[in-house]
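So the chains spell out like this:
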Amino acid sequence: MNQPDQSQLGKNSAYVDQYDASLLFPIPRAVKRKELGIQGAPIFFGADLWTAFELSWLNLKGKPQVAIAHIMVPAETTHIVESKSFKLYLNSFNATRFVDVQAVRDCMREDLDQALWHGGAIQSRCGVKIILPEDFDKEPVHELDGLNLDRMDIECTQYQPAPELLTAEHDEAPVSETFVSHLLKSNCLVTGQPDWGSVQISYSGSQIDQAGLLQYIVSFRNHNEFHEQCVERIFMDIWTRCKPLKLSVYARYTRRGGLDINPWRTSHPQSPPANIRTARQ
């Protein structure tokens, strides 16, 4: 079983510019989910929305092509792909000739599906959409919608995840609210380098204390975990402590190495959010 510290994170890596699917490094989701009390199928649905800003290949005449790729990884896949390995994989396209953009898309989708299910039966396929330069100016920028928790002038003293900060008014009438904070920061599980993000939390149920929720978000500041794992931890802590009827957690992290990763988890089936970057991304 692949472990995060066996990946190329934090290590000198050779630049491979010829197509090589073996560069993808799958990591099982189950290990970190077990820490959250998740055994077997999780209680949530969702997806990890990736944007690759540094995608290039050669056409059959050897002329370089450039594009942006949007990738949607279902949350039910057994594995994630470590992000540096995905960057190295994309680099391997740089001097590789493809017939057309459809061939690039099909290649990426097939390789990612194999890595995300890592030898198991492929139960749901990832989505790959490639944006060509003539459509770059159609790519929007929009901030996450919701009431900004950062407006509150609060004291913060905890910088490791502190779910005890989460409380809800269970004796009051249920509400439906959407909150946003730009103060989410965690660190890479392997390198300890900072990861910066914005998070949107939507719920229906007993009213959640806003100050405690913001303090809880800030408490991730010195926590080492991958993006996907942080969002699942936030979801499970709110679900367990506040007991909402419905809950969605969506984070958009700033890009690193030409990639951004934006996990989304929800308690009820619904269409995923559009993969629209924020200003910081």
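Look a little higher up for the structure.
Keep in mind that this is a model prediction, so the values were computed, not measured. Residue positions are given per chain, counting from 1 as you read along its sequence in written order. Residues qualify for local features only when their pLDDT is at least 70, as the model is predicted, and side-chain atom pairs are given and counted only at 80 or more; totals for whole chains, interfaces and linings, by contrast, use all residues. To obtain the side-chain values, all non-hydrogen atoms of the structure were included, while hydrogens and water were left out.

1. Thoughts on the overall build of the protein
Part 1 of the argument: A count of helical and extended segments in the protein gives five helices and twelve strands.
Part 2 of the argument: In this setup the radius of gyration rests on C-alpha atoms only. A globule is expected at 2.2 Å times the number of residues raised to 0.38. For the protein, the C-alpha radius of gyration of 19 Å lies close to 19 Å, the compact-globule estimate for 281 residues.
Part 3 of the argument: By principal-axis analysis of the C-alpha atoms, the protein measures approximately 70 × 40 × 35 Å.
Part 4 of the argument: For every residue, the accessible area (1.4 Å probe, protein chains only) is compared with the maximum for its type, and the residue is labelled buried under 20%, exposed over 50%, or partly exposed between those bounds. Residues classed as buried in the protein amount to 48% of the 281 residues present.
Part 5 of the argument: In what follows, residue pairs with any heavy atoms lying within 4.5 Å of each other are defined as contacts. Of all intrachain contacts in the protein linking residues separated by at least 6 positions in sequence, the fraction that spans at least 24 positions is 75%.
Part 6 of the argument: Of the roughly 13,100 Å² that the protein leaves accessible, carbon and sulfur atoms contribute 51%.
Part 7 of the argument: Charge assignment: positive for Lys and Arg, negative for Asp and Glu; neither His nor the chain ends contribute. Charge positions come from single atoms, namely NZ of Lys, CZ of Arg, CG of Asp or CD of Glu. When the 28 positive and 34 negative side-chain charges of the protein are each reduced to one mean point, those points stand 4 Å apart. In this text, helices come from DSSP runs of H or I with a minimum length of four residues, and strands from runs of E with a minimum of two, each type numbered from the N-terminal end. The method behind every accessible area is Shrake-Rupley, applied with a 1.4 Å probe, and residues are considered shielded solely by the protein chains displayed.

2. Observations regarding helix H3 (residues 101–117)
Part 1 of the argument: Here, expected helix span is obtained from the residue count minus one, scaled by 1.5 Å. Between its first and last C-alpha atoms H3 spans 24 Å; for 17 residues at 1.5 Å apiece the expected length is 24 Å, and the two agree.
Part 2 of the argument: Within H3, burial applies to Val-104, Cys-107, Met-108, Asp-111, Leu-112, Asp-113, Ala-115, Leu-116 and Trp-117.
Part 3 of the argument: Its buried side turned inward, H3 meets strand S1 (26–28), strand S2 (45–58), strand S3 (64–74), strand S4 (79–81), helix H2 (83–91) and strand S5 (127–131).
Part 4 of the argument: In this structure Asp-100 caps H3, since a side-chain oxygen of it lies 3.3 Å from the backbone nitrogen of Gln-102.
Part 5 of the argument: Looking one or two residues past H3, His-118 carries a phi angle of roughly 40°, positive in sign. As used in this structure description, the phrase polar contact means that two N or O atoms lie within 3.5 Å; if the pair is within protein, one of them must be able to donate a hydrogen and the other to accept it, and residues adjacent in sequence are counted only when both atoms belong to side chains.

3. Observations concerning unusual backbone geometry
It is generally the case that most residues other than glycine have a negative phi and that most peptide bonds are trans.
Part 1 of the argument: If you check the backbone angles, His-118 has positive phi at about 40° while not being a glycine.
Part 2 of the argument: Within the secondary structure layout, His-118 lies in the loop between H3 and S5.
Part 3 of the argument: The exposure class of His-118 is partly exposed, given its relative accessible area of 42%.
Part 4 of the argument: Even without a glycine there, the phi angle at Lys-243 is positive, about 55°.

4. Observations regarding the sheet that holds S2
Part 1 of the argument: Here, a strand pair is defined by DSSP locating no fewer than two bridges between the strands. Read across the sheet, eight strands follow the order S5-S3-S2-S12-S11-S9-S8-S6 without closing on themselves; strand pairing throughout is mixed. If you trace the sheet from one side to the other, it starts and ends with S5 and strand S6 (147–148), each paired once.
Part 2 of the argument: Pairing analysis gives eight bridges linking S2 to strand S12 (residues 259–266), with the strands arranged antiparallel. Within the sheet, the bridge partner assigned to Leu-49 lies in S12 and is Asn-262.
Part 3 of the argument: Across the sheet, H3 touches S2, S3 and S5, and the angle it forms with S5 is around 150°. Helix axes are fitted to C-alpha atoms over the stretch in contact, other axes to C-alpha atoms as well, and angles between N-to-C directions run from 0 to 180 degrees.

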